[in-house]
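For reference, the chains in residue letters:
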Amino acid sequence: METSHIIFLAVSASISFAIGRTVMHLRKKKTNLAKAQADRKAAQALRDFPPGLESKNKAKRRRHLRAAQRTERLGTLPEINSAQNAKK
């Protein structure tokens, strides 16, 4: 092979590699964006889900009422508060 053919082969291979990497990067970026949107949508659906029926168990009902009051008072999720209190 002549030198010009070898150079042409190397240049075309590097251009092909660069285009392939760019396409893969854009595809991955698009997929990650779609996944993030789906995760946000699923989280919002869980937050908007109506609460279940009240339990017939009196202790469980009280526990849920206390958690709801704590959430209203502090404005955060009860799981986060209990985790923070456990660390102290």
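In case you missed it, the structure is sitting above this.
The present account deals with the structure reproduced in this document. (Residues numbered from 1 in each chain as written. Predicted model: local features only at pLDDT ≥ 70, side-chain atom pairs only at ≥ 80, totals over all residues. Heavy atoms only, no water.)

## Considering the overall build of the chain
Then, in step 1: When you go through the chain residue by residue, the secondary structure sums to three helices and zero strands.
Then, in step 2: If you list the helices and strands of the chain from N to C, you get α-α-α.
Then, in step 3: A total of 88 residues make up the chain; the buried ones form 3% of that total.
Then, in step 4: Accessible area of the chain: about 8600 Å², with a carbon and sulfur share of 62%. (Helix = DSSP H or I, 4+ residues; strand = E, 2+ residues; numbered from the N terminus. Buried < 20%, exposed > 50% of the residue type's maximum accessible area, 1.4 Å probe, protein only. Areas by Shrake-Rupley, 256 points an atom, 1.4 Å probe, with all protein chains shown as cover.)

## A closer look at helix 2 (residues 58–74)
Because each turn of an α-helix spans 3.6 residues, side chains separated by three or four positions in sequence point in the same direction.
Then, in step 1: Taking 1.5 Å of rise per residue, the 17 residues of helix 2 would be expected to cover 24 Å, and the 24 Å separating its terminal C-alpha atoms lies within 8% of that figure.
Then, in step 2: The backbone nitrogen of Ala59 has a side-chain oxygen 3.2 Å away, supplied by the residue at the start of helix 2, namely Asn57. (Expected span 1.5 Å × (residues − 1). Polar contact = N/O pair within 3.5 Å; in protein donor to acceptor, adjacent residues only side chain to side chain.)

## Overview of a positive patch on the surface
Then, in step 1: Side chains of Lys58, Lys60, Arg62, Arg63, Arg66, Arg70 and Arg73 sit close together on the surface and give a patch of like positive charge.
Then, in step 2: Following the sequence through the fold, Arg73 ends up in helix 2.
Then, in step 3: A relative accessible area of 64% means that Arg73 is categorised as exposed. (Patch = residues over 30% accessible without salt bridge, like charges linked within 9 Å, V, L, I, M, F, W, Y side chains within 5 Å. Salt bridge = Lys/Arg side-chain N within 4 Å of Asp/Glu carboxyl O. Lys, Arg positive; Asp, Glu negative; His and termini not counted. Charge placed at Lys NZ, Arg CZ, Asp CG, Glu CD.)

## Brief notes about a nonpolar patch on the surface
Then, in step 1: A cluster of nonpolar side chains, namely Ile7, Val11, Ile15, Ile19 and Val23, defines an oily patch on the protein surface of about 440 Å² accessible area.
Then, in step 2: Among the structural elements, Val11 can be located in helix 1 (residues 3–48).
Then, in step 3: Residue class for Val11 comes out partly exposed when judged on its relative accessible area of 42%.

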